[in-house]
Amino acid sequence: MEKPYVIGIDIGGTNTVFGVVDARGTILYDGSIKTGTYEDVNDYVSALAEGLKVVIEEAGGPGQIKGIGVGAPNGNYFNGCIEFAPNLPWKGKIPLAQLISEKTYDIPVILTNDANAAAIGEMTYGAARGMKDFIEITLGTGVGSGIVIGGTLVYGHDGFAGELGHVTVRENGRLCGCGRHGCLEAYASATGVARTAREILMNRTEKSSLRDLNPEEITSKDVYDAAVKGDKLAQEIFEYTGNILGEALSNFVAFSSPEAIVLFGGLTKAGDLILNPVKRSMEDHMLKVFQGKTKLLVSQLKESDAAVLGASALAWEVKEN
């Protein structure tokens, strides 16, 4: 008899969220741990395994779990490893799927890029249901993407296709966590918004409530809170961010002509502060043949649900030992 549940895990640069999921896509039991707390990947996996064992027992024990799906930054679907993920504290090539399986009752584990997992979740349960051509853009600690063409997720020949957060948007621009300069992630992520705030406050003299904060501790949420209260400088920061993101999205449309681009992640909570300049910039920079054809949507799934559900969908594919 088919085991009734799978587990989906979303590993973010800040938090790791996981859940037991049934065949209908309902998250029955869930939990989370802090990702960045663990400098050693083995300590992280041990802590994660303890959390997983709690929800596994709630679900009736390991005999009820068919498999575990993991969405992780720079996760490789082909080999189950994360490789040189700039927003995680562990460097090099790490066999994460194997490590998790070994500490979690030897349940088989399948791993992919976190943004790819989010795209699978969106296609199955969210705003991209019924679509065969769309791009999922995740706006969190970094910028990730999952590209679906003809109903199939694009992995490329090595499992790493779709790193749109690391296309160059500004020549000789900001240093990115990946080691290159001018990447989209350095501008359009939550950390990018905070960096823009610090740069503007340093180089400009206008009044702003953001000046009451320690510049090194400013977050994207601080910028949002100031913007909704009418702070002009904070509003300008979102305008600047949206312009860069929209310009990048217009280039993405040119290579796959998607029906929609779906934005997912914490930065989308800024609503029209970020969405209006993104829409305007995307259409302004669009090749004319594509103008007005690609919808810009916000994920319909709760934050983290898309990646958890997408990762769990992968887990149904694992083969029994």
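The structure displayed is predicted, hence computed values, not measured ones. (Residues numbered from 1 in each chain as written. Predicted model: local features only at pLDDT ≥ 70, side-chain atom pairs only at ≥ 80, totals over all residues. Heavy atoms only, no water.)

> Provide a residue-level description of the overall build of the chain, including the pertinent values.
In terms of helices and strands, the chain carries nine helices and 12 strands. Taking 20 Å as the expected radius of gyration for a compact globule of 321 residues, we find that the chain reaches 20 Å, a close match to that expectation. Dimensions of the chain, computed from C-alpha atoms along their principal axes, come out at roughly 65 × 45 × 35 Å. The 321 residues of the chain split such that 55% are buried. Within the chain, residue pairs in contact and separated by at least 24 positions form 63% of the contacts whose partners lie at least 6 positions apart. For the chain, the accessible surface area stands at approximately 14,100 Å², while carbon and sulfur atoms represent 50% of it. Here the chain contributes 29 positively and 40 negatively charged side chains, and the mean placements of these two sets differ by 5 Å. (Helix = DSSP H or I, 4+ residues; strand = E, 2+ residues; numbered from the N terminus. Rg over C-alpha atoms; globule rule 2.2 N^0.38 Å. Buried < 20%, exposed > 50% of the residue type's maximum accessible area, 1.4 Å probe, protein only. Contact = heavy atoms within 4.5 Å. Areas by Shrake-Rupley, 256 points an atom, 1.4 Å probe, with all protein chains shown as cover. Lys, Arg positive; Asp, Glu negative; His and termini not counted. Charge placed at Lys NZ, Arg CZ, Asp CG, Glu CD.)

> For the side chain of serine 312, give the residues involved together with the corresponding values.
Mapping serine 312 onto the fold places it in helix H9 (residues 305–315). The exposure class of serine 312 is buried, given its relative accessible area of 1%. Ignoring any residue separated from it by four or fewer positions in sequence, one finds serine 312 in contact with Val6, Ile7, Gly8 and Val21.

> Give me the lowdown on helix H1 (residues 41–58), citing residues and values where you can.
Helix length check: H1, at 18 residues, gives a terminal C-alpha distance of 26 Å against a target of 26 Å (1.5 Å per residue), a fit within 8%. Listed in full, the buried residues belonging to H1 are Val41, Tyr44, Val45, Ala47, Leu48, Ala49, Gly51, Leu52, Val55 and Ile56. If you follow the buried residues of H1, they end up packed against strand S1 (5–11), strand S2 (15–22), strand S3 (27–34), strand S4 (65–72), strand S6 (93–94) and helix H2 (96–103). Two to three positions downstream of the cap, the backbone nitrogen of asparagine 42 sits 2.7 Å from a side-chain oxygen, assigning the N-cap of H1 to aspartate 40. Note on H1: the residue one or two positions beyond its end, glycine 60, has a positive phi of about 110 degrees. (Expected span 1.5 Å × (residues − 1). Polar contact = N/O pair within 3.5 Å; in protein donor to acceptor, adjacent residues only side chain to side chain.)

> Hey, could you go over the nonpolar core for me, with residue numbers and the actual values?
The biggest cluster of nonpolar side chains holds 43 residues, and the ones touching the most others in it are Ile137, Leu184, Val223, Leu249 and Ile261. For this core, the secondary structure elements donating two or more residues are strand S8 (134–139), strand S9 (143–149), helix H4 (185–188), helix H5 (190–203), helix H6 (220–228), helix H7 (232–256), strand S11 (260–264) and helix H8 (272–285). Counting 32 residues, the second largest nonpolar core, distinct from the first, contains Ile9, Val20, Tyr44 and Ala85. (Core = buried A, V, L, I, M, F, W, Y, C linked by side-chain atoms within 4.5 Å.)

> Could you give an account of the sheet that holds S3, naming the residues involved and the relevant values?
With mixed pairing, five strands are arranged side by side in an open sheet as S3-S2-S1-S4-S7. Each having just a single partner strand, S3 and strand S7 (109–113) make up the two edges of the open sheet. Sheet twist, expressed as the mean angle between neighbouring strand axes with direction ignored, is 15 degrees. Of the pairings in the sheet, the one linking S1 to S4 comprises five bridges and is parallel in character. (Pairing = 2+ DSSP bridges. Axes fitted to C-alpha atoms, helices over the stretch in contact; angles between N-to-C directions.)

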